[in-house]
Amino acid sequence: MTTPLMLRSCGRGMHFTARKTKQRSTGMRPMSIDSQPPSAKQNLTWPKYLDIRRQKRRWETAVTIPCTLLGLAGGVTYFGSLETDATKLIMGIDPMFFYGGCTVACMGLGYLIGPVVGSACWRLTHRRTMGLIEEKDREFHKRIVKNRVDPTAQSATNPVPDYHGEKVGSLHQYRQWLRDQAKFRRKAQFDEQ
């Protein structure tokens, strides 16, 4: 491997640079002296973070639907194959109603497991940026906690608007969330006086 020196012109004068004419095929990338891990050089903007957060929510919803159907199918398969005796009650309930309730419970379990599985799948596909995303998550949560209203002031006519900020998916929605929180504060304060 040879590294000839080349004279190159830039805006401030002439510089000597080394240029490799042949590259090794070791499979490793050459590292520069000032190289940092990719996560240190990157910065996640708020619009990009909120877009990622919306995508994560979509993944969770998309995986919830098949998990719910799988839970229902599993419940129907298992409880539908059991032999029942209509004269013997199960915990004081007719066996058909009991097995039907258990089948619905299996579907509910699938519904609860779906977002967890969707989040895990999403995390697997976004491993490289998880550090940045988790850092923004913490900062976003601090902002939500700082700006959300006191839920003890809610009433039937004035419910708390999106207490955890779960529906925030863009800067426009975040600003709307802040306006809704301020509106709730004004209403709650006006009702007390």
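Residues numbered from 1 in each chain as written. Predicted model: local features only at pLDDT ≥ 70, side-chain atom pairs only at ≥ 80, totals over all residues. Heavy atoms only, no water.

Engineer: Where do I start with the overall build of the protein chain in this structure?
Structural biologist: Counting secondary structure elements, the protein chain contains five helices and two strands. Ordered by position from the N terminus, the helices and strands of the protein chain form the series β-β-α-α-α-α-α. Expressed as a percentage of the 193 residues in the protein chain, the buried residues total 22%. Counted over contacts in the protein chain with a minimum sequence separation of 6, partners at least 24 positions apart contribute 58%. Surface summary for the protein chain: the accessible area is close to 14900 Å², and the carbon and sulfur share equals 59%. (Helix = DSSP H or I, 4+ residues; strand = E, 2+ residues; numbered from the N terminus. Buried < 20%, exposed > 50% of the residue type's maximum accessible area, 1.4 Å probe, protein only. Contact = heavy atoms within 4.5 Å. Areas by Shrake-Rupley, 256 points an atom, 1.4 Å probe, with all protein chains shown as cover.)

Engineer: So what exactly am I meant to see when it comes to the packing of helix H2 (residues 46-81) against helix H3 (residues 95-125) here?
Structural biologist: A pair of packed helices is captured by two measures, namely the crossing angle of their axes and the spacing between those axes. Running from N to C, H2 and H3 cross one another at 145 degrees; their axes reach a closest spacing of 5 Å. The way H2 lies across H3 gives a crossing that is right-handed. (Axes fitted to C-alpha atoms, helices over the stretch in contact; angles between N-to-C directions. Left-handed = near helix turned anticlockwise from the far one by under 90°.)

Engineer: Looking at this model, I keep getting lost on the packing of aromatic side chains. Mind explaining?
Structural biologist: How two aromatic rings sit relative to each other is given by the distance of their centres and the angle of their planes. Evaluated as defined, the whole model comprises eight aromatic pairs. Members of the aromatic cluster, joined through ring pairs, are Trp46, Tyr49, Phe140, Tyr174 and Trp177. Above the face of the tryptophan 46 ring, lysine 136 is positioned so that its terminal group lies 4.2 Å from the ring centre. (Phe/Tyr/Trp six-rings, centres within 6.5 Å; stacked < 30°, edge-to-face > 60°. Lys NZ or Arg CZ within 6 Å of the ring centre and 35° of its normal.)

Engineer: I tried to follow the nonpolar core on my own but got confused; where do I start?
Structural biologist: Soluble globular proteins tend to bury their nonpolar side chains together. Judged by nonpolar contacts, the single largest core of 14 residues is most densely connected at Leu44, Tyr49, Ile133, Phe140, Val168 and Tyr174. Elements with a minimum of two residues in this core: H2, helix H4 (130-147) and helix H5 (171-192). Ignoring sequence-local partners within four residues, the contact set of valine 168 consists of Leu50, Arg53, Phe140, Asp162, Gln173, Tyr174 and Trp177. (Core = buried A, V, L, I, M, F, W, Y, C linked by side-chain atoms within 4.5 Å.)

Engineer: Would you mind going over the environment of leucine 70 with me for this structure?
Structural biologist: Here leucine 70 lies in helix H2. Taking the C-alpha atoms as reference, leucine 70 lies 7.5 Å from methionine 107; in sequence the two are 37 residues apart.

Engineer: Even after reading the chapter, I still don't get the pattern of salt bridges, so can you show me in this structure?
Structural biologist: Between side chains of opposite charge, a pair can form when the charged atoms approach closely. The full count for this structure, using the stated rule, is three salt bridges. Where arginine 54 meets aspartate 51, a salt bridge forms, and the shortest distance between an N and an O atom there is 2.8 Å. Residue arginine 54 and its partner aspartate 51 are located together in helix H2, separated by three residues, close to a single helical turn. For arginine 54, a relative accessible area of 29% corresponds to the partly exposed category. With a closest N to O distance of 3.2 Å, arginine 123 and glutamate 134 form a salt bridge. With arginine 123 in helix H3 and glutamate 134 in helix H4, the pair connects residues that are 11 residues apart, well separated along the chain. A residue is classified by how much of its surface remains accessible, and arginine 123, at 34% relative accessible area, is partly exposed. (Salt bridge = Lys/Arg side-chain N within 4 Å of Asp/Glu carboxyl O.)

Engineer: Which parts of the structure should I look at to understand H2?
Structural biologist: Residue pairs spaced three or four apart in an α-helix point in one direction, given the helix's 3.6 residues per turn. In this model H2 runs 52 Å from its N-terminal to its C-terminal C-alpha over 36 residues, within 8% of the 52 Å that 1.5 Å per residue would give. The set of residues buried in H2 consists of Trp46, Tyr49, Leu50, Ile52, Val63, Thr64, Cys67, Thr68, Gly71, Gly75 and Phe79. (Expected span 1.5 Å × (residues − 1).)

Engineer: Help me out: how do you make sense of the packing of H2 against H4 in this one?
Structural biologist: For the pair H2 and H4, interaxial distance at closest approach is 11 Å and the crossing angle is 95 degrees. By the angle between their directions, the pair H2 and H4 is classed as roughly perpendicular. Within the contact between the two elements, H2 uses Trp46, Tyr49, Leu50, Ile52 and Arg53 and H4 uses Ile133, Lys136, Asp137, Glu139, Phe140 and Arg143. When the residues that make up the contact of H2 with H4 are grouped by side-chain class, the tally is six nonpolar, no polar and five charged. (Parallel < 35°, antiparallel > 145°, perpendicular 65-115°, else oblique. Nonpolar A, V, L, I, M, F, W, Y, C, P; charged D, E, K, R; others polar.)

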